[in-house]
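Summary of structural features
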Amino acid sequence: MRIVFIILLICTMARLFAQEGSLDTLNTADTTVNLDQVLYQYGIYLEPLIEVTPGPDGPYACDQIGFGLSYRRVSGGVFLSTFKGHYEKTLVFPNKFELEYMFGGGYLGMQVLRINQFEVDLRLNYGHGDMIWERTDSRADFSRDEFDLIKPEIQISGVPFRYLKLFITSGYRKIYNLSLTGTDSGEFSGFTAGFGLKAGYFK
């Protein structure tokens, strides 16, 4: 009788251990899935962007390409942006001159919210660039100056696929240290808006 009791006790304990192990496995899997839904551990990506920026006589478009890295909630990267507008001015009569500029820099960001497939990031951009007046007839450079810029922004992303994020962004750009003839840094400072995508590897 005692032997039968011991055998039954061992079988019962083995069954309980098996059930506990099964539950632990399920809990671990559930936790892993939930964490993955909430936050990627790291990422590496390209970031093309079209952005509407302030300028003389109205807003203009800029093309931007960036490269970024992220770890949990923190991100950082570099970018290069080119002015795609068409702005002319008569600086020395009767010649007309066309404005061109480009700038590059880096950014730091922090993810402040993620709900389902949507993310909200705050970013701070710093850049340095060149602005040039070019003669429209001969394409010769007439005048050139360097400038700096800083831009805090908010970025809202949708994640339709694991390796692709679509986003819209809005910020305030401040250009300073610009003393180019015929320009005012205040004309190029103001609110910006754009849209783009992040394509890369997120895990």
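Everything in this summary refers to the structure shown in the same document. (Residues numbered from 1 in each chain as written. Predicted model: local features only at pLDDT ≥ 70, side-chain atom pairs only at ≥ 80, totals over all residues. Heavy atoms only, no water.)

Focus: the overall build of the protein chain
- On a plain count of helices and strands, the protein chain comes out with 1 helix and 9 strands.
- Going from the N terminus to the C terminus, the protein chain shows its helices and strands as α-β-β-β-β-β-β-β-β-β.
- Residues classed as buried in the protein chain amount to 36% of the 203 residues present.
- Taking the intrachain contacts of the protein chain between residues at least 6 apart in sequence as the baseline, contacts between residues at least 24 apart amount to 60%. (Helix = DSSP H or I, 4+ residues; strand = E, 2+ residues; numbered from the N terminus. Buried < 20%, exposed > 50% of the residue type's maximum accessible area, 1.4 Å probe, protein only. Contact = heavy atoms within 4.5 Å.)

A short note on the pairing of strand S8 (residues 164-176)
- Only one face of S8 is covered, namely the one carrying Lys-165, Phe-167, Thr-169, Gly-171, Arg-173 and Ile-175; the face carrying Leu-164, Leu-166, Ile-168, Ser-170, Tyr-172, Lys-174 and Tyr-176 has none of its residues buried.
- Alignment of strand S7 (residues 141-161) against S8, held across 10 bridges, turns out to be antiparallel. From the neighbouring strand, Glu-153 faces S8, where its bridge partner is Gly-171.
- Taking the residues between adjacent antiparallel strands as the criterion, S7 and S8 are bridged by 2 residues. (Pairing = 2+ DSSP bridges.)

Observations concerning the nonpolar core
- Within the largest apolar cluster, 22 residues are counted, with the highest numbers of intra-cluster contacts made by Leu-99, Tyr-101, Met-131, Phe-147, Leu-178 and Phe-188.
- The leading source of residues in this core is strand S5 (residues 95-115), at 5 residues.
- Not counting the four nearest positions on each side in its chain, Met-131 is found in contact with Leu-99, Glu-100, Tyr-101, Ser-143, Arg-144, Asp-145, Phe-147, Leu-178, Leu-180, Thr-183 and Phe-188. (Core = buried A, V, L, I, M, F, W, Y, C linked by side-chain atoms within 4.5 Å.)

What to know about the pattern of salt bridges
- In total, this model carries 13 salt bridges according to the counting rule given.
- Residues Asp-137 and Arg-135 are paired through a salt bridge, measuring 2.6 Å at the closest nitrogen-oxygen approach.
- Using a relative accessible area of 52% as the deciding quantity, one classes Asp-137 as exposed.
- Between Glu-153 and Lys-151 there is a salt bridge, and its shortest N-O distance comes to 3.7 Å. Per residue, the accessibility class of Glu-153 equals that of Lys-151, and both read buried.
- Counted as one network, the salt bridges with shared partners bring together Glu-47, Glu-51, Arg-123, Lys-151, Glu-153 and Lys-198. (Salt bridge = Lys/Arg side-chain N within 4 Å of Asp/Glu carboxyl O.)

Side note on the side chain of Lys-151
- Mapped onto the elements, Lys-151 comes out in strand S7.
- Contact partners of Lys-151, with chain neighbours within four places excluded, come to Glu-51, Arg-123, Leu-124, Asn-125, Tyr-172, Arg-173 and Thr-192.

Re empty space enclosed by the protein
- Under the definition given, this model contains 2 cavities of 30 Å³ or more.
- Each pocket or cavity is described by its volume, and for the largest cavity that value is around 150 Å³.
- Residue lining of the largest cavity: 18 residues in total, with Ser-70, Arg-72, Gln-111, Asp-121 and Lys-165 positioned closest to the centre.
- Sorting the residues of the lining of the largest cavity by element identifies strand S1 (42-53), strand S3 (74-83), S5, strand S6 (118-135) and strand S9 (190-202) as the ones contributing at least two each.
- Looking at the lining of the largest cavity element by element, the count peaks at 3 residues for S1.
- Looking at the lining of the largest cavity, its residues break down into 6 nonpolar, 5 polar and 7 charged.
- Size it by volume and the second largest cavity reaches roughly 50 Å³.
- Lining the second largest cavity are Glu-51, Thr-53, Gln-64, Phe-79, Phe-103, Asn-125, Leu-149, Lys-151 and Arg-173.
- Only S1 and S7 provide two or more residues apiece to the lining of the second largest cavity.
- Along the lines of polarity and charge, the residues of the lining of the second largest cavity split into 3 nonpolar, 3 polar and 3 charged. (1 Å grid on protein atoms, 1.4 Å probe; cavity = no way out; pocket = protein on both sides within 12 Å on 5 of 7 lines; lining within 4 Å. Points joined across faces, edges and corners; volume = space filled by probe spheres on them. Nonpolar A, V, L, I, M, F, W, Y, C, P; charged D, E, K, R; others polar.)

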